[in-house]
Amino acid sequence: MAQTAVAESDTGPSLKELAREHGLTKAGRLPRLPEYTRHLWSYRHFIAAFANAKVSASLGSTKLGVVWQLLTPLINAGVYYLIFGVLINTKQNVDNFIAYLCAGVFIFGFTQTVVQAGSQSITANMALIRALHFPRASLPIAVTLVEVRNMIASIVVLIAIVLLTGEPITVEWLLLIPALILQTFFNAGLALFVSRLISKVTDIRQLIPYILRIWMYGSAVLYPVTFFAERLHGWQLALVEANPMLIFIELIRHALMENVTLAQPVGLLWIQAIIWTVLVSFGGYVYFWRGEKGYGRG
Amino acid sequence: MADNEREPTVIADNAHVVYRIYGSAAAGSNTPLASFKRIVTGKKSAAVREVHAVKGVSFVAYKGEAIGLIGTNGSGKSTLLRAIAGLLPVERGGGIYAAGQPSLLGVNAALMNDLSGERNVELGCLAMGMSPAEVKAQTADIIEFSGINDRGDFSSLPMKTYSSGMSARLRFSIAAAKKHDVLLIDEALATGDAKFRKRSEQRVRDLRKEAGTVFLVSHSEQSIRDTCERSIWLESGVIRADGSTEDVLKEYETYVNK
Ligand SMILES: Nc1ncnc2c1ncn2[C@@H]1O[C@H](COP(=O)(O)OP(=O)(O)O)[C@@H](O)[C@H]1O
Ligand SMILES: [Mg+2]
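The written sequence of each chain sets the order in which its residues are numbered from 1. For this description, chains carry letters from A and ligands carry numbers from 1, given in the order in which they are written. With pLDDT at 70 or above as the cut-off, local features in this predicted model cover only qualifying residues; side-chain atom pairs require 80 or more to be listed or tallied, and sums for whole chains, interfaces and linings still use all residues. The side-chain values count all of the structure's non-hydrogen atoms but skip hydrogen atoms and water molecules.

## Quick word on helix 6 (residues 194–210) of chain B
All names here are of chain B.
Then comes step 1: Strands here are runs of E lasting at least two residues and helices are runs of H or I lasting at least four, both read from the DSSP assignment and numbered beginning at the N terminus. Expected helix span is computed as 1.5 Å times (number of residues minus one). When the terminal C-alpha atoms of helix 6 are compared, their 25 Å separation across 17 residues agrees well with the 24 Å that a helix rising 1.5 Å per residue should span.
Then comes step 2: Classification of residues uses two cut-offs on accessible area relative to the type maximum, computed with a 1.4 Å probe and protein chains only: under 20% is buried, over 50% is exposed, and between them is partly exposed. Within helix 6, burial applies to Phe-196, Ser-200, Glu-201, Val-204 and Leu-207. Buried residues along helix 6 cover an arc of 135° about the axis, so they all sit on one side. Facing away from the buried surface of helix 6 by more than 90 degrees, the exposed residues are Ala-194, Lys-195, Lys-198 and Lys-209. The arc in question is formed by the directions pointing from the helix axis toward the C-beta atoms.

Encoded structure:
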């Protein structure tokens, strides 16, 4: 009879000591944050390859392929212009409403798609997570990279629209770059945050469309930002004006357009954008890292 | 026991693994009223069902050993291997300790079906932690070993066009391309035709020489006899026997044929 296992199960604590004696590491031990970050960095090629794979997998089944990356934002802008520029006239006294609207739609769309895709990045890749060993943060970060690609295509379309509607090219256009970099880090933090949250509390996925819609209405995407100042006061106005998406959208409008009314002075907008980015990207990363070893649990 | 001479590579100490499945409640427990009651009483959601797949497993595996893991379907073999690999968390109160990073070589290693075999090789190798240079150097060998190009240029076609045997062969080839401290093989050899099986068994023997310890799950008793001196029989998540392959297989056979 082979019954060694029964004898060993009585000696629980000594097994632990034996493991320590021989320098074995506990499976599923959470690495320290710097160690995890180094590990993640060593997986950068995997992250890039995974992001590329996702793009080719999603475009592979269409005939037009990459053209869709330009067509999608164009169609989006057209639909919103038809509804909010022509049918319901929300433009009030904005000079260049088409450009104003498109900047809002595209910049909000960047964050929106990252949140949507990020919310599925753990749950949709469960088989991969259970099969292979890689830092799980690779997945939400790869999702963010995919959307960065789409965002660059939208920005090309946006610049074309801005030029066609008669805005001049100025030095301020260079501000586009830091603003988009800040927003990308902000989005990555958000993707990390929602991917862990939803892998734990699956029900929240059902709420995400509504949260995003409310957030969009609070970000002056479809109507001028002066709309808020006319209707809200005190803490309500302060709350809306602290909204990071409103801040990012305003920064882009300020960079690309000449006569645009902002809710706050531009310097204040930049400071708030930086604070939000640091808070959300670092907070999201730490929150995700703390759950690292539980993602395989389904 | 000669613990002092032999070097342990994997130690399981009273390991429990529990799966939690959401949204699969029995009929009647998911009505609005029932949900409301749960919220008010603060009871745990009945929509979460638990499967206790591994129940208090303890063993010590040593360097140079090849251990066969046997048991009927659903007895928790794959779950135990995933827990050793650190892919599934072990419940509090127990633990699994391992030397280095154990690698799991399974039939289920997921790849992306919309992408070509070549892209999958690249992605799989990067996910195992290889550098791009290593990947480039090995891609041709991996595809060659998998034999998917024996009948024309399939490596540039999407994996969804492969037969199930072909994709299993490719997955095995990718995973076997790397050196491993502790190698966990889950029915990976059962796939593919006889010719590929022979080739892959040879590859496993080579890997075992390089690796410290090999765990092998297989329904082929011959395979277990050929590769393992020691076997563990797992039934309903509990170890029923652990010892020399001859003894354990004999016990297992009498159990199965009962
Ligand atoms: N992803 C999963 N979610 C929930 N339960 C699972 C999952 N995978 C396996 N199980 C359950 O765990 C038990 C052990 O399964 P498994 O380890 O796959 O068995 P084996 O590999 O020995 O056939 C079974 O009861 C099975 O239903
Ligand atoms: Mg199995």
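Resuming the write-up.
## Section: the interface of chain A and chain B
Then comes step 1: Between chain A and chain B, the contact holds 44 residues from the first and 57 residues from the second.
Then comes step 2: Using a 1.4 Å probe, buried area is obtained as the accessible area two parts lose upon being combined, added over both of them. For the pair chain A and chain B, the two sides together bury roughly 4,000 Å², of which 62% comes from carbon and sulfur.
Then comes step 3: Just to be clear on terms, a salt bridge is a Lys or Arg side-chain nitrogen sitting within 4 Å of an Asp or Glu carboxyl oxygen. Put simply, chain A and chain B have zero salt bridges between them.
Then comes step 4: Elements represented by at least two residues in the side of chain A that touches chain B include exactly helix 1 (4–9), helix 2 (12–21), strand 1 (25–26), helix 4 (44–59) and helix 7 (126–131) of chain A.
Then comes step 5: With nine residues, the single largest contributor to the side of chain A that touches chain B is helix 4 of chain A.
Then comes step 6: Strand pairing is defined by DSSP finding a minimum of two bridges between the two strands. Inspection of the sheet shows strand 1 of chain A paired to strand 4 (residues 95–98) of chain B by two bridges, in the antiparallel sense. Each residue of the ladder has a partner; that of Lys26(A), found in strand 4 of chain B, is Tyr97(B). It only takes one pair of heavy atoms within 4.5 Å for two residues to be counted as in contact.

## Re the sheet that holds strand 1 of chain A
Then comes step 1: Spatial strand order, 1(A)-4(B)-1(B)-2(B): four strands in an open sheet with antiparallel pairing. Looking along the sheet, the strands with just one partner apiece sit at the ends: strand 1 of chain A together with strand 2 (49–62) of chain B.
Then comes step 2: Bridging between strand 1 (residues 8–21) of chain B and strand 2 of chain B involves ten bridges; their strand directions are antiparallel. The residue of strand 2 of chain B that forms the bridge with Pro8(B) is Tyr62(B).
Then comes step 3: Against the sheet, helix 2 (residues 77–84) of chain B touches strand 1, strand 2 and strand 4 of chain B, its axis set at about 65° to strand 2 of chain B. Axis geometry follows a simple rule: fit a line to the C-alpha atoms, using only the stretch in contact for helices, then measure angles between N-to-C directions, giving values from 0 to 180 degrees.

## What about the UniProt feature "transmembrane region" (unreviewed entry) in chain A?
Residues and elements named next belong to chain A.
Then comes step 1: UniProt positions are given in the numbering used here, feature names are shortened, and annotations may be inferred rather than shown by experiment. As recorded in UniProt, the feature "transmembrane region" (unreviewed entry) lies at residues 64–85, 97–118, 139–163, 175–198, 210–229 and 268–288.
Then comes step 2: The annotated region residues 64–85 carries 86% helix and 0% strand content, and the separation between its end C-alpha atoms amounts to 29 Å.
Then comes step 3: Span residues 268–288 is 100% helix and 0% strand, its end C-alpha atoms 30 Å apart.

## Description of the site of ligand 1
Then comes step 1: Taken together, 13 residues lie near ligand 1, and Arg130(A), Gly74(B), Lys77(B), Ser78(B) and Thr79(B) sit nearest.
Then comes step 2: Backbone polar atom of Gly74(B) to an oxygen atom of ligand 1: 2.7 Å apart, as the coordinates give it.
Then comes step 3: Here an oxygen atom of ligand 1 and a backbone polar atom of Lys77(B) are 2.8 Å apart.
Then comes step 4: All accessible areas in this document rest on Shrake-Rupley with a 1.4 Å probe, and a residue is counted as covered only by the protein chains that are shown. In isolation ligand 1 has 560 Å² of accessible area, and contact with the protein removes 67% of it.
Then comes step 5: Broken down by secondary-structure element, the contributors of at least two residues to the shell around ligand 1 are strand 1, strand 2 and helix 2 of chain B.
Then comes step 6: Top contributing element to the shell around ligand 1 by residue count: helix 2 of chain B, with three residues.
Then comes step 7: Under the scheme applied here, ten amino acids are nonpolar (Ala, Val, Leu, Ile, Met, Phe, Trp, Tyr, Cys and Pro), four are charged (Asp, Glu, Lys and Arg), and all others, including Gly, are polar. Along the lines of polarity and charge, the residues of the shell around ligand 1 split into four nonpolar, seven polar and two charged. Only a single heavy atom is needed: when it lies within 4 Å of a molecule or strand, its residue is near that molecule or strand. The term polar contact refers here to a pair of N or O atoms within 3.5 Å; inside protein, the definition further demands a hydrogen-donor-capable atom paired with an acceptor-capable atom, and it admits residues adjacent in sequence only when both atoms are side-chain atoms.

## Observations concerning the packing of aromatic side chains
The description of an aromatic ring pair uses the distance of the two centres, along with the angle that the planes make with each other.
Residues and elements named next belong to chain A.
Then comes step 1: Two rings belonging to Phe, Tyr or Trp (six-membered ring only in the last case) form a pair when the distance between their centres is within 6.5 Å. Interplanar angles under 30 degrees mark stacking, angles over 60 mark edge-to-face geometry, and anything in between is tilted. The tally for this structure, following the rule as stated, stands at 19 aromatic pairs over all chains.
Then comes step 2: Summarising the aromatic geometry, the rings of Phe-46 and Phe-50 are spaced 5.9 Å apart at their centres and angled 40° between planes, so their arrangement reads as tilted. Residue Phe-46 and its partner Phe-50 are both found in helix 4; the two are separated by four residues, about one turn of the helix.
Then comes step 3: Using a relative accessible area of 2% as the deciding quantity, one classes Phe-50 as buried.
Then comes step 4: Ring centres of Phe-288 and Tyr-295 lie 4.6 Å apart, and the angle between their planes is 25°; this geometry places the pair in the stacked category.
Then comes step 5: With relative accessibility at 3%, the residue Tyr-295 sits in the buried group.
Then comes step 6: Taken together, Tyr-43, Phe-46, Phe-50 and Phe-134 form an aromatic cluster joined through their ring pairs.
Then comes step 7: When the NZ atom of lysine or the CZ atom of arginine is within 6 Å of a ring's centre and also within 35 degrees of its normal, the charge is said to sit over that ring. We note Arg-231 situated over the ring of Phe-227; from NZ or CZ to the ring centre the distance is 3.9 Å.
Then comes step 8: A cation over a ring is seen here: Arg-253 above Tyr-100, with NZ or CZ 3.6 Å from the ring centre.

## Focus: the pairing of strand 3 (residues 66–70) of chain B
All names here are of chain B.
Then comes step 1: The element strand 3 is largely enclosed, with a buried count of five among its five residues.
Then comes step 2: The alternating pattern of strand 3 places Ala-66, Gly-68 and Ile-70 and Ile-67 and Leu-69 on opposite faces, both of which are buried.
Then comes step 3: With four bridges joining them, strand 3 and strand 7 (residues 213–217) adopt parallel strand pairing. Across the sheet, the residue bridging to Gly-68 is Leu-216, located in strand 7.
Then comes step 4: In terms of strand pairing, strand 3 meets strand 8 (residues 230–235) through four bridges, oriented parallel. Each bridged residue has a counterpart across the sheet, and for Leu-69 the counterpart in strand 8 is Ile-232.

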